[in-house]
Amino acid sequence: MTTAIIYSAVLVSLAWSFAKDRTKTRQALATSAKSLVNLAPGVLIVAGLVGLVIGLIPGEVISAHIGPGTGFAGTVIAAFAGAVALLPSLIAFPLAASLLRAGASVGTIAAFITTLTMVGFVTTPFEAKQLGLRFTLWRNALSFCFALIIALVMGVIL
Amino acid sequence: MKEQKSVVRQFMPAVLMAAIYIALLAFSPVAGKQVLSVSMSYFKEMVLIVPAVAVLMGLFDVWVPKHLIEKYLGSGSGIKGIVLAIVFGTAPTGPLYVAFPIAAGLIKKGARLSNVVIFLGTWAALKIPQIAVEIRFLGLGFSVARFALTLVAVILTGFILEHVFASAPEVNRRRDPNEIV
């Protein structure tokens, strides 16, 4: 679905660009080829890390630690789990809903979803390559802290 | 020759990763196969999207003039820049790793750092299609509360990061101006 949208956008833009200026379009594609070479190592590393993390830590282990009765410690663990995990939202939200039904608190679920989306442990090498290591560490650390704050506030208001 | 050498160096971590996988497969074939199948499915997903992103980046580089980005997302863009960064971020587009090269491109073209961080944050956590799924599974109340709080958090993160990098904007300077993405 997302892929279809992206590729339609690419085709439309390419057609538009080609109709407007061929030389510029060729120049753009040369740049694209160069970026592809730059992006390739990151893709390999991230795919490798994702496999190691998701493949070696079973889902039952995660839910056992953030389930009912785990309190704020459970929330912090959920935040870490979210930071490390890489799940598509189509899977993450049903999973979060099932954890909620199983007795996890609203705060714990909020922490999990927030770090899942905003903090990317396994994508760190890729982000650092594009934006610098210092930027990456700051952005992820701040997002992690805010995730815990969001979890606390949501636990109070909901 | 020098160019070739740097390409080889770029792929060194990937070679290291392959070595870990080979070791894992030899040491524990069951776990190794499971890990490999997860990483392969993720790899396929990325391979599908990354070339499209590269093409868009190339077009962006050629067609979007620096002064436009500076005007709409640069240091004088104010509230409008923030709103624009949020609109860009919430648009239905790919996963977060797609946004990193775009963010790097925006910085290179003179966008304000806080706006780039806001763009990344909304892209990550507040995408419209994602919110629809969230409402369906976790309820409107949860979704609205998370949206509002995350928006505040993302904007604050943007300003804090800008403050941190005000003295040493390595993100702007670290790249060779001839190198793209």
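If you're wondering where the values come from, they're calculated on a predicted model, not measured in any experiment.

A.B. asks: Before we go on, may I ask you to explain the pattern of salt bridges in this structure?
C.D. replies: Pairs can form between side chains of opposite charge once their charged atoms are near each other. Residue and element names in this part refer to chain B. Enumeration over the complete set of coordinates arrives at five salt bridges over all chains. Among the salt bridges present, the one from K108 reaches D61, with a minimum N-O distance of 3.8 Å. Taken together, the residues span a long stretch of sequence, with K108 in helix 6 (residues 96-108) and D61 in helix 3 (residues 29-63) at a distance of 47 residues. Notably, a salt bridge pairs E162 with R112, separated by 2.9 Å at the nearest N-O pair. Taken together, the residues E162 in helix 9 (residues 140-165) and R112 in the loop between helix 6 and helix 7 (113-125) connect sequence positions 50 residues apart. What makes R112 partly exposed here is its relative accessible area of 22%.

A.B. asks: Explain the interface of chain B and chain A to me, please; I cannot follow it from the model alone.
C.D. replies: Taken residue by residue, the interface counts 73 residues in chain B and 73 residues in chain A. Buried area between chain B and chain A, summed over both chains or domains, comes out near 6,600 Å², and the portion from carbon and sulfur atoms is 80%. It is W63(B), F100(B) and F142(B) in chain B that bury the most area against chain A; as a group they hold 10% of the surface buried on that side. Counting residues per element, the ones that place at least two in the side of chain B that touches chain A are helix 2 (12-27), helix 3, helix 6, helix 7, helix 8 (128-138), helix 9 and helix 10 (170-173) of chain B. Per element, the largest residue contribution to the side of chain B that touches chain A is 21 residues, and it comes from helix 3 of chain B. Here the side of chain B that touches chain A is built from residues that sort into 54 nonpolar, 12 polar and seven charged.

A.B. asks: Honestly, a nonpolar patch on the surface in this entry has me stumped. Any pointers?
C.D. replies: Residues and elements named next belong to chain A. On the surface, I149, V153, V156, I157 and L158 cluster together to form a nonpolar patch covering roughly 460 Å² of accessible area. Relative to the helices and strands, V153 resides in helix 8 (residues 133-157). By relative accessible area, V153 is classed as partly exposed at 31%.

A.B. asks: Would you mind going over the side chain of E134(B) with me for this structure?
C.D. replies: The topology assignment puts E134(B) in helix 8. Within the structure, the side chain of E134(B) is placed 3.3 Å from the side chain of S143(B), a separation counted as a polar contact. Filtering out sequence-adjacent residues up to four positions away, E134(B) remains in contact with F93(A), G139(B), F142(B), S143(B) and R146(B).

Parameters and conventions
All residue numbers refer to position in the chain's written sequence, counted from 1. Chains and ligands are labelled by the order in which they are written, letters from A for the one and numbers from 1 for the other. In view of the model being predicted, local features appear only for residues whose pLDDT reaches at least 70, and side-chain atom pairs are presented and counted only at 80 or more, with totals across whole chains, interfaces and linings using the full set of residues. No hydrogens and no water enter the side-chain calculation; it runs on all heavy atoms of the structure. Take a side-chain nitrogen of Lys or Arg and a carboxyl oxygen of Asp or Glu: if they are within 4 Å of each other, that pair is a salt bridge. Helix and strand assignments follow DSSP, with helices taken as H or I runs no shorter than four residues and strands as E runs no shorter than two, numbered in order from the N terminus. Here the term buried applies to any residue with accessible area under 20% of the maximum for its type, exposed to any over 50%, and partly exposed to those in between, with areas from a 1.4 Å probe on protein chains only. Residues count as neighbours in contact if any of their non-hydrogen atoms are within 4.5 Å of one another. Here's the idea: put two parts together, see how much 1.4 Å probe accessible area each one loses, and the total over both is what we call buried area. Gly falls in the polar group here, along with every residue not listed as nonpolar (Ala, Val, Leu, Ile, Met, Phe, Trp, Tyr, Cys, Pro) or charged (Asp, Glu, Lys, Arg). Surface patches are drawn from residues lacking salt bridges whose relative accessible area is over 30%; two like charges belong together within 9 Å, two nonpolar side chains (Val, Leu, Ile, Met, Phe, Trp, Tyr) within 5 Å. Shrake-Rupley sampling with a 1.4 Å probe provides the accessible areas, and residues are treated as covered by the protein chains on show and by no other component. Nitrogen and oxygen atoms within 3.5 Å of one another constitute a polar contact, given that in protein one can donate a hydrogen and the other can accept it, and given that sequence-neighbouring residues count only through two side-chain atoms.

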